[in-house]
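One letter stands for each residue in the lines below.
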Amino acid sequence: MKPYLLNEVNWLMLKDFRYELAILPWGATEAHNFHLPYGTDNYEASAIAERSGAIAWDNGAKVVILPTVPYGVNTGQSDIYLDMNINPSTQLCIIRDLLTVLNRQGIKKFLILNSHGGNDFKTILRELGLEFPDMLLMCCDWFKAIPKSKYFEHAGDHADELETSLIMHLKPDLVLPLDKAGQGKEKFSKIKGIREGWAWSERKWSKVTEDTGIGDPTKATVEKGHNYFEEITNKVAHLYLDICKVEGIDHYEK
């Protein structure tokens, strides 16, 4: 039994024990090129949350990892077979219900560990912050915490060298040989502002990529995945620790 995993603890332990920080891993269920499983984001979210939780727990942080939410915002992928979508408004309802439980039971610190680029929790947490003013509400994108160039040769953001290496490390039995993978080529917008990043329109996935991947996965290796996993989980664990060290919910310098 891992005492930081809600899935594994029992009422005998929790009857007289109280956590300080609740972490909600959030993924998605969607195609990841030809060679990676639909559950890629969920495997990543769960593994990173758990390993980081273990490190933080061993350093005295009273963290609890909630079960991973396996569905994300996939509104731009409606024509990709079995890419499962839940809307941002649905995410708002889910988070509100969970915060109601945590707040009532005295857990005032909450972090969403996001594993899917289509999820954007900032506006949701802004709204819920008014409803739960006595809570510290946070989110993070683990995949933005370390520059990809430190470990990986090719850039990308979906079923790319990073994700392929990571799943090779975490779930090697679910990765097809790389000669089965598509090239992950991305088609760019004709609109200059979108290409430059200061204007935005949702990517229509089947227009952007022919194999559902964005980023060349061919240089992926188990070793790269292992080394990246070790650093990213240590960095996320330190985020957990920093949150727990804050007295109450005021995290600003005096």
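First, a word on scope: everything that follows refers to the structure included in this document. This one's a predicted model, so the numbers in the text were calculated from it and none came from an experiment.

Topic: the sheet that holds strand 2 (residues 63-65)
- Here 4 strands make up an open sheet; going across it, the order is 2-1-3-4 and the pairing parallel. Each edge of the sheet is formed by a strand with only one pairing partner; in this case those strands are strand 2 and strand 4 (136-141). Taken pair by pair, the neighbouring strands of this sheet meet at an average axis angle of 20°, ignoring direction.
- Here strand 1 (residues 21-26) pairs with strand 3 (residues 109-114) via 6 bridges, running parallel. Looking at the pairing, Ala22 lines up with Phe110 of strand 3.
- Relative to strand 1, helix 3 (residues 88-104) is tilted by about 160°, and along the sheet it contacts strand 1, strand 3 and strand 4.
- Here helix 4 (residues 122-131) sits on the sheet and contacts strand 3 and strand 4; the angle it forms with strand 4, its principal contact strand, is near 175°.

As for unusual backbone geometry
- For Ala159, which is not glycine, the phi torsion reads 55° and is therefore positive.
- Examined against the element boundaries, Ala159 turns out to sit in the loop between strand 5 (156-158) and helix 5 (161-170).
- For Thr212, which is not glycine, the phi torsion reads 70° and is therefore positive.
- Examined against the element boundaries, Thr212 turns out to sit in the loop between helix 7 (205-208) and strand 6 (214-215).
- By relative accessible area, Thr212 is classed as buried at 13%.

What counts, and where the lines are drawn
- Residues numbered from 1 in each chain as written.
- Predicted model: local features only at pLDDT ≥ 70, side-chain atom pairs only at ≥ 80, totals over all residues.
- Heavy atoms only, no water.
- Pairing = 2+ DSSP bridges.
- Helix = DSSP H or I, 4+ residues; strand = E, 2+ residues; numbered from the N terminus.
- Axes fitted to C-alpha atoms, helices over the stretch in contact; angles between N-to-C directions.
- Contact = heavy atoms within 4.5 Å.
- Buried < 20%, exposed > 50% of the residue type's maximum accessible area, 1.4 Å probe, protein only.

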